[in-house]
Structures are given as C-alpha cells and as structure tokens.
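# Secondary and tertiary structure notes
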Amino acid sequence: GPGRLSGAAREDGPLEGGPPDHSYSLSSGTTSEELLRKLNEQRDIIALLEVKMKEMKGSIRRLRLSEAQLREEIRVKDRLLHAAGAGNRKRHGL
C-alpha cells in the first residue's frame with residue numbers, strides 16, 4: 001500500500017521507528033543517560049582490548065626469545081654433528 005517500502009529498501013535500513021541497524025546505532029530519541037551508558041560501554045571494551053593487546057605483545061616477545069634460543073641450540077648441535085662426521089671420515093680414511 002501507499003507509504004510502504006519495497007523489499008530492497010527495507011533491507012537497506014530500518015523502518016521508521018524500527019530497531020537500529022547496528023548495536024552502535026542510536027535512535028533520534030536517545031537520552032543523554034543512554035548516550036553516556038553507551039560511551040562507557042565502548043570505553044570498557046577499548047580498555048579490555050588494550051589489555052589483551054599488551055598480553056599478546058608479551059606472548060609474542062616470549063615466543064621470539066624461545067625461537068632464538070631454539071635456533072641457537074640447533075646451530076650448536078649442527079656444529080657438533082658436522083665435527084663428529086668430519087672426525088669419523090678422517091678416522092676411516094675417507
């Protein structure tokens with residue numbers, strides 16, 4: 001009927017007075033208290049993400065140190081294996 005939106009138009013945005021598109025969308029009648037609550041929720045989320053990011057950076061740092069230590073152990077063992085192999089060849093006249 002008149003005043004109704006087509007199916008495509010309904011998918012693009014909410015109907016007048018309907019629910020917002022996203023959880024962060026606000027209706028025109030949002031009160032200052034609701035705005036403040038949403039702002040505080042977003043701040044809390046950002047603070048949690050910053051903590052997680054710091055934890056991940058610490059994990060990455062520890063993993064890089066472990067990787068460097070393991071690579072050094074492999075270099076040492078390779079040197080020992082090559083030295084042992086060279087000694088065996090000399091002993092057997094190869």
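By convention here, each chain's residues receive numbers from 1 onward along its written sequence. Per-residue local features are limited, in this predicted model, to residues with pLDDT of at least 70; the limit for side-chain atom pairs, both in listing and counting, is 80 or more; totals at the level of whole chains, interfaces and linings are taken over all residues. Each side-chain value is derived from all of the structure's non-hydrogen atoms; neither hydrogens nor water enter the calculation.

Going by an unreviewed UniProt entry, the protein carries the name THA11 protein and comes from Eubucco bourcierii.

Moving on: the overall build of the protein. Under the DSSP-based scheme used, a helix requires at least four consecutive residues in state H or I and a strand at least two consecutive residues in state E, with every element numbered from the N terminus. Looking only at helices and strands, the protein features two helices and zero strands. Every accessible area reported is derived by Shrake-Rupley at a probe size of 1.4 Å, with residue values counting cover from the shown protein chains alone. About 8900 Å² of surface is accessible on the protein, with carbon and sulfur atoms providing 58% of the total.

A pair is scored as a salt bridge if a Lys or Arg side-chain nitrogen falls within 4 Å of a carboxyl oxygen belonging to Asp or Glu. Scanning the entire structure with this criterion turns up five salt bridges. Note that R75 is salt-bridged to E72, the shortest N-O span being 2.9 Å. Here E72 and R75 lie together in helix α2 (residues 32-91), a separation of three residues that amounts to about one turn. Think of it in three bands: with a 1.4 Å probe and only protein chains considered, a residue is buried below 20% of the maximum accessible area for its type, exposed above 50%, and partly exposed in between. Taking the relative accessible area as the measure of exposure, R75 reaches 43% and is therefore partly exposed. By sharing partners, the salt bridges in this structure join E72, R75 and R79 into a single network.

Taken together, the side chains of K54, K57, R61 and R62 make up a positively charged region of the molecular surface. Mapped onto the elements of the fold, K54 is located in helix α2. When its relative accessible area of 64% is taken as the criterion, K54 is described as exposed. Only residues whose relative accessible area exceeds 30% and that take part in no salt bridge are eligible for patches, with like-charged residues grouped when within 9 Å of each other and nonpolar side chains (Val, Leu, Ile, Met, Phe, Trp, Tyr) grouped when within 5 Å. The charged-residue count follows a simple rule in which Lys and Arg add positive charge and Asp and Glu add negative charge, with His and chain termini not counted at all. Taken as the charge centre is NZ of Lys, CZ of Arg, CG of Asp or CD of Glu, depending on the residue.

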